[in-house]
Amino acid sequence: MDLYGEEAFVCPNCSIHAQQVWHQVLFKRENFVDDLGYSKLHEYYKAEEGSGVFFQDGDYLRQTNTLAFCMCQSCKKPSLWYEHELVYPLKSIIEDPNPFMPTEVVALYDEARAVLNLSPRSSAALLRLALEILLPHLGAEKAKINTMIQQLVAERKVIGKLQQAMDGLRVIGNDAVHPGLIDSEGKDDREVSLTLFKVINFIVAETLESDQMIGELYSLLPERVRKGIEDRGNPPKNK
Ligand SMILES: [Zn+2]
């Protein structure tokens, strides 16, 4: 999802796929001769319009583009870009928390979202804490995060991909505070943290959200059918 310099994309303000007009803020430095014949240096910033400013002699000017803004032709609102990354509006690049996420977990999710650009590592550590607060909502007895995951795995409440998601978030979030465990070479911290937002939403979707959906489905079944399912596999009782 590298949108920098693209002429059309899904607008982070209005969520419509729309034409985008880019403006690059350039630092200019020019020598000039004043009225008295002295040579002077004139330094200033100038915004240049059009995606053409991203190219020079066919080369993409990635390295020199520090600050840019982009006007959406649909909603006429700007997005701001710093060093090729979208910095405003920030909310749009991170998905909203799953509606089934408990309130106290949402508070940490939002805090992690607010600090992502300033400190991706703080963001990862906050998401790990969010998982720690979430686990008792999934039926774990309050304990260390690793113990709580183990408990849910032992009770078969957490298996497969869900377990991997929890352990991944746990270990990466921990490494954000005590670096050295993860070989994240070639991946920047921000990219890793962005993934963690998706991971915690996945965990909530696979647990609290699907529990409710399946619970509702099950409650539609007549009493005697439910009883039959519950007794299935049990030896028939002696009369
Ligand atoms: Zn827009």
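Here is what the cut-offs are and how they apply
Residues numbered from 1 in each chain as written. Predicted model: local features only at pLDDT ≥ 70, side-chain atom pairs only at ≥ 80, totals over all residues. Heavy atoms only, no water. Helix = DSSP H or I, 4+ residues; strand = E, 2+ residues; numbered from the N terminus. Buried < 20%, exposed > 50% of the residue type's maximum accessible area, 1.4 Å probe, protein only. Salt bridge = Lys/Arg side-chain N within 4 Å of Asp/Glu carboxyl O. pLDDT = per-residue confidence, 0-100. Core = buried A, V, L, I, M, F, W, Y, C linked by side-chain atoms within 4.5 Å. Contact = heavy atoms within 4.5 Å. Pairing = 2+ DSSP bridges. Disulfide = S-S within 2.5 Å.

Chemist: When you look at the overall build of the chain in this model, what are you seeing that I'm missing?
Modeler: When you go through the chain residue by residue, the secondary structure sums to 6 helices and 8 strands. Helices and strands appear in the chain in the N-to-C order β-β-β-β-β-β-β-β-α-α-α-α-α-α. Relative to its 239 residues, the chain shows a buried fraction of 32%.

Chemist: When you look at the pattern of salt bridges in this model, what are you seeing that I'm missing?
Modeler: Pairing is possible between side chains that carry opposite charge, provided their charged atoms lie close to one another. Within the structure shown, the criterion is met by 10 salt bridges. Residue Glu 48 pairs with Lys 46 through a salt bridge whose shortest N-O separation is 3.7 Å. For Glu 48, a relative accessible area of 22% translates into the label partly exposed. The shortest N-O distance in the salt bridge between Arg 113 and Asp 96 comes to 3.1 Å.

Chemist: Any chance you could explain the confidence of the model for the chain here in plain terms?
Modeler: Detailed reading of predicted coordinates is not advised where the pLDDT is low. Taken over all residues, the pLDDT of the chain has a mean of 85, while the share at 70 or more is 86%. Confidence, expressed as mean pLDDT per element, reaches its minimum in the chain at strand E5 (residues 59-60) with 55 and its maximum at helix H3 (residues 145-154) with 96.

Chemist: What should I look at first to understand the nonpolar core in this one?
Modeler: Within soluble globular proteins, side chains that are nonpolar tend to cluster in buried spots. With 34 residues, the main nonpolar core has Leu 131, Leu 135, Met 166 and Ile 203 as its most contacted residues. Judged by nonpolar contacts, the second largest core, of 7 residues, contains Phe 9, Trp 22, Cys 70 and Leu 86.

Chemist: What is the right way to read the environment of Lys 76 from this model?
Modeler: Looking at where Lys 76 falls in the secondary structure, it is placed in the loop between strand E6 (67-72) and strand E7 (78-82). What makes Lys 76 exposed here is its relative accessible area of 53%. Here the alpha-carbon distance between Lys 76 and Cys 14, two residues 62 residues apart in the chain, equals 9.4 Å.

Chemist: Help me understand the environment of Ile 200 in this model?
Modeler: Tracing the backbone shows Ile 200 in helix H5 (residues 189-219). Owing to a relative accessible area of 0%, Ile 200 belongs among the buried residues under this scheme. Sequence separation between Ile 200 and Val 105 is 95 residues, and the spatial gap between their C-alpha atoms is 9.9 Å. With sequence-adjacent residues up to four places away left out, Ile 200 is seen in contact with Met 101, Tyr 109, Leu 127, Ala 130, Leu 131 and Leu 169.

Chemist: Got a minute to help me understand the pairing of E7 in this structure?
Modeler: Two faces make up the sheet, and in a regular strand the side chains alternate between them. The two faces of E7 differ: Ser 79 and Trp 81 on one face are buried, but Pro 78, Leu 80 and Tyr 82 on the other face are not. Two elements, E6 and E7, share 5 bridges in a ladder whose sense is antiparallel. Of the residues in E7, the one forming a bridge with Phe 69 is Leu 80. Two successive antiparallel strands, E6 and E7, enclose a turn made up of 5 residues, where Lys 76 displays a positive phi of approximately 65 degrees. Note that E7 and strand E8 (residues 85-88) share 3 bridges and pair antiparallel. Note that in E8 the partner of Leu 80 across the bridge is Tyr 88. Count of turn residues in the E7/E8 antiparallel hairpin: 2 residues, of which Glu 83 carries a positive phi of about 45 degrees.

Chemist: Would you mind going over the side chain of Arg 128 with me for this structure?
Modeler: Mapped onto the fold, Arg 128 is located in helix H2 (residues 120-134). Each residue touching Arg 128, except ones within four places of it in the same chain, is listed here: Ile 145, Leu 169, Arg 170, Gly 173 and Asn 174.

Chemist: Explain the state of the cysteines here, please?
Modeler: Working definition: the covalent bond between the sulfur atoms of two cysteines is a disulfide. Summed over all chains, the structure comprises 0 disulfides. There is no disulfide at Cys 70, and the cysteine sulfur nearest it, in Cys 72, is 8.0 Å away. Look at Cys 70 and you get buried, because its relative accessible area is 0%.

Chemist: Any chance you could explain unusual backbone geometry here in plain terms?
Modeler: Across residues other than glycine, the phi torsion is negative in most instances, and most of the peptide bonds are trans. In this model, Tyr 88 is joined to Pro 89 through a cis peptide bond whose omega is -10 degrees. Topologically, Pro 89 is positioned in the loop between E8 and helix H1 (103-115). With a phi close to 65 degrees, Lys 76 is a non-glycine residue in the positive phi region. Here the phi dihedral of Arg 156 falls at roughly 60 degrees; this positive angle occurs in a residue that is not glycine. By the element assignment, Arg 156 lies in the loop between H3 and helix H4 (160-177). A residue is classified by how much of its surface remains accessible, and Arg 156, at 63% relative accessible area, is exposed.

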